[in-house]
Each structure stands twice: as structure tokens, then as C-alpha cells.
Amino acid sequence: MSTSAVGADGVESVEEFRARARAWIRANLRPLEAHEEVGIMRPTRTDEEELAAVARDREIQKALFDAGLAGICFPPEYGGRGLTPAHQRAFNEEITGYEYPQRLQVPTFAPCAAVLLEFGTEEQKRAHIPAILKGEEIWMQFLSEPSSGSDVAAALTTAVRDGDDWILNGSKIWTTGAWWSDWGLCLARTNWDVPKHRGLTVFILPIAAAGVDVQRIEMLNGVKEFCQEFMTDVRVPDSDRIGEVDDGWTVGTRWMFHERMSSGSPYVTSPGTSAHHRIGPDWLLDIARGTGRLDDPLVRDLVGEGRVLDLVGAALHPRLALGMTTGRLSDQAAAIGRLYSGVCATRLTTIAFDIAGGAGAAWADDDGAASDVGADFLMRQTATIGGGTTEMARNVVSERVLGMPREAALDRGRPFREVPRGGRSGG
Amino acid sequence: MLLELTPDQEVFREATARFLADRVPPEVIRRLRADPAGFSPDYWSAGAELGWTSLLAREEHGGGPIGDAALVDLSILAHEFGARAAPGPLASANVVAHALSTWGGEAHTAAVEAVLSGESLATCALGEPATPGEPAGIRVQVRADGGDVVLDGTARPVESAAGAGHILVTARVAGAAGLAQVLVPTAAPGVTVTPMRTVDLTRRFFAVGFDGVRLPADAVVGEFGEAGEQVERQLQVALALSCAESVGAMQTAFDLTVKWAFERYSFGRPLASYQELKHRFADMKTWLEASHAISDKATAAVDAGAPEAAELASAAKAYIGDYGTELAQDCVQIHGGIGVTFEHDLHFYLRRVTLNRALHGTPASHRARVTGIFENLKEQA
Ligand SMILES: Cc1cc2nc3c(=O)[nH]c(=O)nc-3n(C[C@H](O)[C@H](O)[C@H](O)COP(=O)(O)OP(=O)(O)OC[C@H]3O[C@@H](n4cnc5c(N)ncnc54)[C@H](O)[C@@H]3O)c2cc1C
């Protein structure tokens, strides 16, 4: 690992860190082209190209690690820098406009690595955190199942003890990118005779393990990044269990917290507000310019609305993070940020579509920023479904933040075996 | 409001909170609806002793902040004003104190001191933000004539003009592009003050006419014809205070409604147990936290004179204008019939956010301003 400038107290200041990050980024990373990576899960790559992009992400992560710029908020004993969220924010600002290892952020760094840090044994952390920070391991959340996504604790995937091992059977679904990933963080049922929350256990497993069959699912826009994993007699050693047996919900609760934090998490690199490669106000401005409609007062109003929503989000997330750190807000307030992000992203997608006008319905390849905006609109709801739906976030805010009565549930206090289950299991 | 106040800020907030709870509890506010001024003179001078008018003024005028961010401290007061729907032209009076103290001359010293002590009231007619430095809606003209300046036209709405000793008027320079600010004594010949009707119970607005109002040139605040920048700066201060006040009103309306949802039963269960309503509360809570966040961020930027201040202040005004009224109206909806009565307190806060949404530019005009600023920012980049 390279040396780095440190202050008198031995800690690298935010500004020293920023200067070092900036110099390194400019020397080593490629600036993004206009509109590169913009939109919602666009089908722009062949499988070969996708695999090459994954390899490049790993390569950048390794280089960041070697430069002492990876794992900014991870503890030094596992290869991190042990710095503060302010350092991570400075890094986010500096990397804006450059390529970055996007596929390694969510869910690898958060929630997966965050959960490992909190609940993993010393051996597990030493085995995986440095490998994650070097880009050697990409992780997936094996959480949703065909029968339940919102009701994650109703997992049917079963783990049965067999000597020093566990045997897993069942199916996980909607994992994005599992076909090129390495490890899964998996919630499984270990006891059917107790209420649902008390019979769960968390495991980790290599996605290439014997008995795991990864099938790709085509999304409505043709992208095949969604996956379903069928697990048949998959053998997992007890040393790959996270947390206590049947206490998986203790892990699960924090897992959900880290998932709701996602791009606001200090473990995650997420480029700043002025980027051309995401759903943001720059994109709206580019579409308005490209379609020649920027002088239309109606369009200007829409651009302004998008910019306002984006600025407000950029103010909201640090407020929530601060409140959760100082204890002024409960950890459940992460759901406020999740709700805001989802609603904001769907609104910006609609705005982009409306600004594009007719080019939203039919476009040519040289329509610039307006190309594909119609297809993005079709994928709009991914922002309010993936990472837990906004309805679930609203449940959490009202019940856990505001303390309102919980919804009646027919499964409470009942052995999971006896809980009614619906017929249609997704698909 | 900030999640973490310094001990000094907390003492400061607490003093005003106690004073307002004591002097203008809801039953008093309800009565003040019939009061032509909306509050008594001793209420305002007692408030001035608590620091309501002095934070943005320089020390030699008797002002000065309690910490190192005067506008941030003042926004804590504004939040308290909103949370209690308190009477008084807090934003106007502070804009005047700030303007006279920063850009005023010798001739204005007495006026500043009177405003700071609370012995006299001052108010302002700022116009509305259009592009930075170029406010819209200014219908007062000023011309230089010998050693004098002469004002003609109408400014509206001007808060508390009837009780004010002075009005800081923003005017267009006749036959030229620039702006000038003039401190006009309300007693000057040619000034007429006509009451207007308003949505607020205790805040009072007036149309102020200027018919050949002649004043010595030293009534001008700042450079004649070059006031664009100072007006922009004052608008930002007014926007920050109006946003902080609206967020305070949102907070109280929300808290009242959460309490109501737990207490009110229908079909044998509290309203708070219905998922449809719980989800609306979750949305409102999100708007509320977002409003706190953008208001505080904008205030800090305006206080620091940061380059992003104009855009953040307008973003805050646009967001809080929209979502503040949306939140208050949804609170009315969830109250049902009682929510549209005079007897209930909820309308105090609805009135405050409604007033602030329309003053100093609508959400749409601020969105337009944000777009312009953003576009320029991108062109420079
Ligand atoms: C882009 C994308 C990426 C994803 N990546 C992953 C991943 O990597 N790993 C993974 O495990 N999962 C992933 N998911 C799955 C995602 O977490 C689930 O789709 C989500 O939690 C919803 O679960 P479900 O699809 O089973 O819908 P359901 O749970 O069946 O919900 C259907 C609808 O009912 C609503 N609903 C359900 N219960 C309630 C309730 N109690 N109150 C009110 N409304 C309710 C939901 O909000 C939703 O609108 C991803 C999804 C997307 C779109």
C-alpha cells in the first residue's frame, strides 16, 4: 500500500485526502463521455462487453486499493483506510465524471460487506473484507424469493444441519448480476416450527458452489441482468454461517438498514450530483438542449423541478446520516432517505420523458440525450421496487419512526409451517 | 431547523419559545385577528430585547450575532415564529436592519438604532427574485432631482407599513437600467398607506403609494442605480428566513396531526392504524425532513455568501413552497371537518405556509430561476 500524507495527529485530513484522490483519479481513470451510463439499466452491452466491463471494474478497484484509496471507511485491520464519511464524500465529489467500479458498490460494499463487518467472525472478516476491497470478490444478496420479496422473513429456502455442514435447498431471485458475481449472502430457514422471524439463519456461499444453478431472466427492456438461483443440496460449512443459528433476523434487521442506506452509506462510492451518467438534472438539461426545447417555459419549469429535487436530496441524506450518528434520529430513519430517493428518481424519469417530447415515443440513434428515454420510462419503477419497495419504506417510516400501530399480520406468533402462503410465486 | 444546536443557540431559542408561548398562545392569536396591527408595540420591543432585530446588524449599531453565523442563528428564531404562528415582521425588520447596517450611511444611523431597539418598526419592499440582481414586480420609480431623489409608484405588499417609521423601498431608476434603494419615512409627504386583506391572522400587509415623494439624496442606501447586488443579497436573506419559518409551521402542523391520528378513532381503531393514512404520514415526514434539510443548507450558504447561495435559496423556496402547503393541506384533510374550523389551531400553520408560498416569488418562479442559474453553471463548466 502506498504512503499517504498525514496530519500531525497521524490522520490524513479531508483536504489532504481529497488532493491525493484527485491527483490519482485524473492520472489513472478515464473521464466519462457525455451520456455514458445514463438511463435505467439500458441494454447497451453484449455479454462479452458486460464481462469486460466487470473485469475493468475489478481492475479499477484493485488499483484504488494499491493507491490507498479503497475502503475509505473500512477498518484498517481489514485493509480499509479507517477514515470518516467526510473523506468518502470528498472522494465521491472527486470521482464524479470519471469511470468508477460501479458494479462493486451496491450490494457488495453495502449491505454485504457492512453485514460481514458487523456480524462476521474474525476469520470471516479476514478472509473476505480485504478480498472485497481488492476487487477480488463481488457479492450478491440472496434475499428475495419467488414467493416473497417484501416479506423477506418468509424465506422458504431451507438449511438443514449435516455434521459440520449445512445443506441448502430453495431458490433466490431478482439478483442483479449474479451470473458474473462470486459470493452470496443468503437468508435461509433453519426452523419451521417457530414464528417466521425466529427460525432464520444467514449463510455465505460461493455462487459457483456445486448445486447452485444460475438462470438469467430477461427484463422488459431486454436486459438479462436479473437472475434466479436454484439451490439443490448445496453444502455450506458451519464456519460460513453469519450470526447465531435461528437468530438470522438480528442480522436481517441490520442488513435491511444497510440496504436502505445503500448509496448514502459511507462504505459506498456514489458520484456527486453533477454527473452525466445517471438520472439527474444534467441529463434533463441535455435532453432539453438536444431537442431544442430549452427555451420553452414549460420545459424550463420541468428542468428546474428536477434540479430542485436533486438539490433537496443532496441536503436530506447528510441530515439523516448525521441524525442517525448522533442518535437524534433512529436508525429506521434510513427509510426516509430510501423513500425520497425512490420518489425523486421516478419523478425525474417522468420529467426526462416529458422533455423528450415525441423523441420519447420514437427516436433515432443520433438523437443524443433524448435517445432511449422512452425505454427508460418503461423501467421507471425499478427505483421504487429494487432495494425494498417504497411501500415497505412507508411502513417503516410510519410504524418505526412515527410509532404508528403495525399492520395486522396473520403470521405473528404462529409456527411458520402453519402460515398461509399464496399460490402465484412471481414470474 | 438544525438537528444539533449549540448550547448558545439552544438558550437563545428557548428564550423566544418561552416568550412566545407566554405572550401569544393560540387563544391570543385568535383574538389578534381583529387587531389592526396584529400585535402590540410592547410585544415587539420586548422581542427586540431577546435579539429579534439585532443579529444581522453591525456591533457599532448595537447589533451582532450570538455565534459566528448570524443568519443561521436568526433562522432558529424564524423557525420558532413559524412553529407558533407568531405575529410580527421578523424577516422584513431584519432585512432592513441588515441593509442599513451594511450599505447605509451616516444619515441612517438613527433609524438603524431605533429599529434594533424595537422602539420603531421598519419594513421593506423588495420585489420578487427573477434573475439574480434583477428582481421582478417593482413598480416604484426613482429619479435624481437637484440634491434630492423623487419617488413615484406603488409598492405592494409591504408588511406592517402602517406601524412602521420607515420603509426601505427598492425602486427602478427612471430612464436607466439600475436599481436604487431609498429609506423613506412613512410620514414623508406623498406617502399613502392602504391596508390590504391577507391570509394570515396576525401579519398585516399594505399597498404603499409614492406620489412625488421628495427626499434628500442621503436617504439613498448604497449606490444610486447600482443596488442590484445588495437587493439580491437581501432577497436571499428574506428567502432563507421565510423558508425557516415555513418549516417551523410545517413541523407544528405535522405534530398536531400525528397526535390527532393516534387519538381519533373510526371503525373502532385509531386513524394511525390505517395503512392508507400511515403511508401519507410517511410521505409527509419525508417532505418535512427534506424541507428542514434544504432550508438549513440554503441558510448556511446565504450566511456564508457562498456562490451556490442564490440557487439553494431558490431551491428551498420552490420545494418548501410546494411541499409545505401540500403537507398543511393534507393535515387539514386528515383532520376532517374540524380541520376547516376557526376553532382549531391547524389553520394558523396552513396560513403561514400559504403566505410564504406566495411572498417573494412562487414555486414556479423560483424553479425558473434555478433553471437559469443551473444552465449558467453548466455553461461555465
Ligand atoms: C432492479 C432490481 C434489483 C433487485 N436486486 C435484488 C437483489 O440483488 N437481491 C434480492 O434479493 N432482491 C433484489 N430485488 C428484488 C426486490 O428486493 C423485490 O422485488 C422487492 O423487495 C419486492 O418484492 P417482490 O418483488 O416479491 O414483491 P412483493 O413483495 O410481492 O410486493 C408486491 C407489491 O405489494 C406491495 N406490498 C407487499 N407487502 C406490502 C405491505 N405489507 N404493505 C404495503 N404494500 C405491500 C409491494 O410494495 C409491491 O408493490 C431487486 C429488484 C429490482 C427491481
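All of these numbers come straight from a predicted model, not from anything done at the bench.

S.K.: A description of the domain arrangement of chain B should follow, citing residues and the corresponding values.
M.R.: Residue and element names in this part refer to chain B. As assigned here, chain B comprises domain 1 (7-117), domain 2 (122-223) and domain 3 (229-380). Relative to domain 3, the C-alpha centre of domain 2 lies at a distance of 29 Å. Contacts between the two partners involve 24 residues from domain 2, matched on the other side by 22 residues from domain 3. In total, about 1800 Å² of surface goes out of reach between domain 2 and domain 3, with carbon and sulfur atoms giving 64% of it. Taken together, the links from domain 2 to domain 3 amount to two salt bridges.

S.K.: Quick rundown of the packing of aromatic side chains? Include the residues and the values.
M.R.: All names here are of chain B. Across all of its chains, the model carries 19 aromatic pairs over all chains by this definition. Ring centres 5.4 Å apart and planes at 65° place the aromatic pair Tyr43 and Trp52 in the edge-to-face group. Classification of Tyr43 by relative accessible area gives buried; the value is 2%. Taking relative accessible area as the criterion, Trp52 reaches 0% and is therefore assigned buried. Aromatic pair Trp52 and Phe81: ring centres 4.9 Å apart, planes at 80°, arrangement edge-to-face. Of this pair, Trp52 sits in the loop between α3 (41-49) and α4 (70-83) while Phe81 sits in helix α4; the two residues are 29 residues apart in sequence, bridging distant segments of the chain. By relative accessible area, Phe81 is classed as buried at 0%. Taken together, the aromatic side chains of Phe19, Phe39, Tyr43, Trp44, Trp52 and Phe81 make up a single cluster linked through ring pairs.

S.K.: Could you give me a rundown of the site of the ligand, with the residues and numbers involved?
M.R.: The ligand sits among 19 residues. The nearest are A:Ser144, A:Ser150, A:Trp174, A:Thr389 and A:Glu391. Each of chains A and B places residues near the ligand. Note that an oxygen atom of the ligand is positioned 2.7 Å from one of the backbone N or O atoms of A:Ser144. Contact with the protein chains removes 68% of the 960 Å² of surface that the ligand exposes when unbound.

S.K.: Give me helix α12 (residues 390-401) of chain A: which residues, what numbers.
M.R.: At 3.6 residues per turn, the α-helix brings residues three or four places apart onto the same side. Turning to α12(A), its buried residues number three or more, namely A:Thr390, A:Ala393, A:Arg394, A:Asn395, A:Val396, A:Val397, A:Ser398 and A:Glu399. The elements touched by buried residues of α12(A) are α6 (248-261), α9 (334-356) and α11 (382-385) of chain A together with α8 (275-304) of chain B. Downstream of α12(A) by one or two residues, A:Gly403 has phi in the positive range, about 70°.

S.K.: Report on the packing of helix α4 (residues 105-119) of chain A against α6(A), specifying residues and quantitative values.
M.R.: All names here are of chain A. Following both chains from N to C, one finds α4 and α6 inclined at 140°, their axes separated by 9 Å at the closest point. By the angle between their axes, α4 is oblique relative to α6. The way α4 lies across α6 gives a crossing that is right-handed. Here Ala110, Pro111, Ala114, Val115, Glu118 and Phe119 of α4 come into contact with α6, specifically with Thr250, Val251, Arg254, Trp255, His258 and Glu259.

What counts and what doesn't
Numbering of residues begins from 1 in every chain and follows the order in which that chain's sequence is written. As they are written, the chains are lettered A onward and the ligands numbered 1 onward, keeping that order. Given that the model is predicted, a residue must reach a pLDDT of at least 70 before its local features are reported, and side-chain atom pairs must reach 80 or more before they are shown or counted; all residues, however, enter totals for whole chains, interfaces and linings. As a convention, hydrogens and water are excluded, and side-chain values are obtained from all of the structure's heavy atoms. These domain boundaries are the output of an automatic or database domain assignment. In what follows, residue pairs with any heavy atoms lying within 4.5 Å of each other are defined as contacts. Defined in terms of a 1.4 Å probe, buried area is the accessible area two parts forfeit on being brought together, summed over both. One side-chain nitrogen of Lys or Arg within 4 Å of one carboxyl oxygen of Asp or Glu is enough to make a salt bridge. A pair of Phe, Tyr and Trp rings is counted when the ring centres sit within 6.5 Å of each other, with Trp represented by its six-membered ring. The angle between the planes then sorts it: under 30 degrees is stacked, over 60 is edge-to-face, the rest tilted. Residue exposure (1.4 Å probe, protein chains only): buried if accessible area is under 20% of the type maximum, exposed if over 50%, otherwise partly exposed. For helices the rule is a DSSP run of H or I covering at least 4 residues; for strands it is a run of E covering at least 2, with both sets numbered from the N terminus onward. Any residue with a heavy atom positioned within 4 Å of a molecule or strand is treated as near that molecule or strand. Residues adjacent in sequence count toward polar contacts only when both atoms are side-chain atoms; beyond that, a polar contact is any pair of N or O atoms within 3.5 Å, and within protein one must be able to donate a hydrogen and the other to accept it. Under the convention used here, a 1.4 Å probe and the Shrake-Rupley method define accessible areas, while residue burial counts only the protein chains that appear. Geometry is summarised by axes, namely lines fitted to C-alpha atoms with helices restricted to the contacting stretch, and by angles between N-to-C directions that run from 0 to 180 degrees. Oblique is the label for any angle not under 35 degrees, not over 145, and not in the 65 to 115 range, which are roughly parallel, roughly antiparallel and roughly perpendicular in turn. The crossing is said to be left-handed when, going from far helix to near helix, the turn is anticlockwise and less than a right angle, and right-handed when the turn is clockwise.

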